[in-house]
Amino acid sequence: MPANDPFARLPQAASFTVTSTTVNDGAAWPAEQRSSGLSGGKDTSPQLSWSGAPEGTKSYAVTVYDPDAPTGSGFWHWAVADIPATVTELPEGAGDDTGSHLPKGAYQLPNDARVARYTGAAPPAGHGPHRYFVVVHALDIPSTGVPADATPAFLGFTMAGHTLGRAVLIATAETPA
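The present account deals with the structure reproduced in this document. Everything numeric here is computed off the predicted structure, so don't read it as measured data.

Rules used in this analysis
Residues numbered from 1 in each chain as written. Predicted model: local features only at pLDDT ≥ 70, side-chain atom pairs only at ≥ 80, totals over all residues. Heavy atoms only, no water. Pairing = 2+ DSSP bridges. Helix = DSSP H or I, 4+ residues; strand = E, 2+ residues; numbered from the N terminus. Contact = heavy atoms within 4.5 Å. 1 Å grid on protein atoms, 1.4 Å probe; cavity = no way out; pocket = protein on both sides within 12 Å on 5 of 7 lines; lining within 4 Å. Points joined across faces, edges and corners; volume = space filled by probe spheres on them. Phe/Tyr/Trp six-rings, centres within 6.5 Å; stacked < 30°, edge-to-face > 60°. Buried < 20%, exposed > 50% of the residue type's maximum accessible area, 1.4 Å probe, protein only.

Here we look at the sheet that holds strand β7 (residues 107-108)
- In space, the 6 strands of this open sheet follow the order β1-β9-β8-β4-β5-β7, with mixed pairing throughout. This sheet does not close on itself; its edge strands, each paired only once, are β1 (14-15) and β7.
- Two strands pair when backbone bridges link them, and strand β5 (residues 75-84) and β7 are joined in this way by 2 bridges, in the antiparallel orientation. Its bridge partner being in β7, Ala 81 is matched across the sheet by Tyr 107.

So this is what it looks like as C-alpha cells:
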C-alpha cells in the first residue's frame, strides 16, 4: 500500500470482506459517486455488502476517507455509526440527506463538508489520482456512544479500542487539469 496508509498507526484488526455492485476494489468511482459539483456527479453513496466479520461483532460502522486530499489530514466523505450486527448490506443511496435507507439505530455523522450524508469524490483538478478507503469496521460494542454531531475523526478515535475487524475496498478518482 502506498504512503499515508490510514491504518498504519492503528491497532491490528482481522480482515473480512466488503464488496460493492457500485464499484470494484481498485477501480474508479462511477460518476454518480462523484461530487454533485462535478459534471455528472450525484453524491450517491455506494452499495456495500460484507461478510466474514469476526466472532463477537456487536455493531458496524462505515467510513469513506480520502487520505490523499491536500489538507494535511485527508478528507472524510462519509461516516455511519451504530449499524446493527445483523445488518450486512447498505443499498446504493443510503447516504442521502434523510438517511432513511439506513438500518434502524444507525446514523450519519457530519463529514468534512459538515453535512451528515455522503459527499462524493472531488479531487482538485490536476492533483493526480486520489484513493477512497471504503471501510466497514466490525466493533465489539453495540453502540459507539458518539454524538450525532461528532466528527468522523472522533468516531475513529472512539472505535480504535473496539475494532475487531476491517473490511476495506479502495476506489479511486482523478480530476484532469
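Focus on the environment of Ala 122
- By the secondary structure assignment, Ala 122 is in the loop between β7 and β8 (130-139).
- Taking the C-alpha atoms as reference, Ala 122 lies 10.0 Å from His 77; in sequence the two are 45 residues apart.
- For Ala 122, the contacting residues outside a window of four places in its chain are Ser 35, Leu 38, His 77 and Tyr 132.

What about the layout of surface pockets?
- Within this model, the largest pocket holds a volume of roughly 340 Å³.
- In terms of lining, the largest pocket is formed by 17 residues, of which the most central are Pro 6, Phe 7, Leu 10, Trp 76 and Gly 156.
- Among the elements of the structure, β4 (59-66), β8, α1 (152-159) and β9 (163-173) are those that each provide at least two residues to the lining of the largest pocket.
- Space inside the second largest pocket adds up to approximately 190 Å³.
- Along the walls of the second largest pocket sit 12 residues, with Phe 7, Pro 11, Gln 12, Ala 13 and Arg 166 positioned nearest its centre.
- Contributions of two or more residues to the lining of the second largest pocket are made by β1 and β9.

Quick word on the packing of aromatic side chains
- Counted according to the given criterion, the structure contains 7 aromatic pairs.
- An angle of 40° between the planes, with centres 4.4 Å apart, marks the rings of Tyr 65 and Trp 76 as tilted. Taken together, the positions of Tyr 65 in strand β4 and Trp 76 in strand β5 put the pair 11 residues apart, joining distant regions of the chain. Here the two residues Tyr 65 and Trp 76 agree in accessibility, since each one is buried.
- Here a set of aromatic residues connected by ring pairs shows up, and it is made of Trp 29, Trp 78, Tyr 118 and Tyr 132.

A look at unusual backbone geometry
- Despite not being glycine, Asp 43 shows a phi value in the positive range, around 55°.
- Turning to its location among the elements, Asp 43 is positioned in the loop between β2 (17-19) and β3 (48-51).
- A relative accessible area of 12% means that Asp 43 is categorised as buried.
- If you check the backbone angles, Arg 114 has positive phi at about 65° while not being a glycine.

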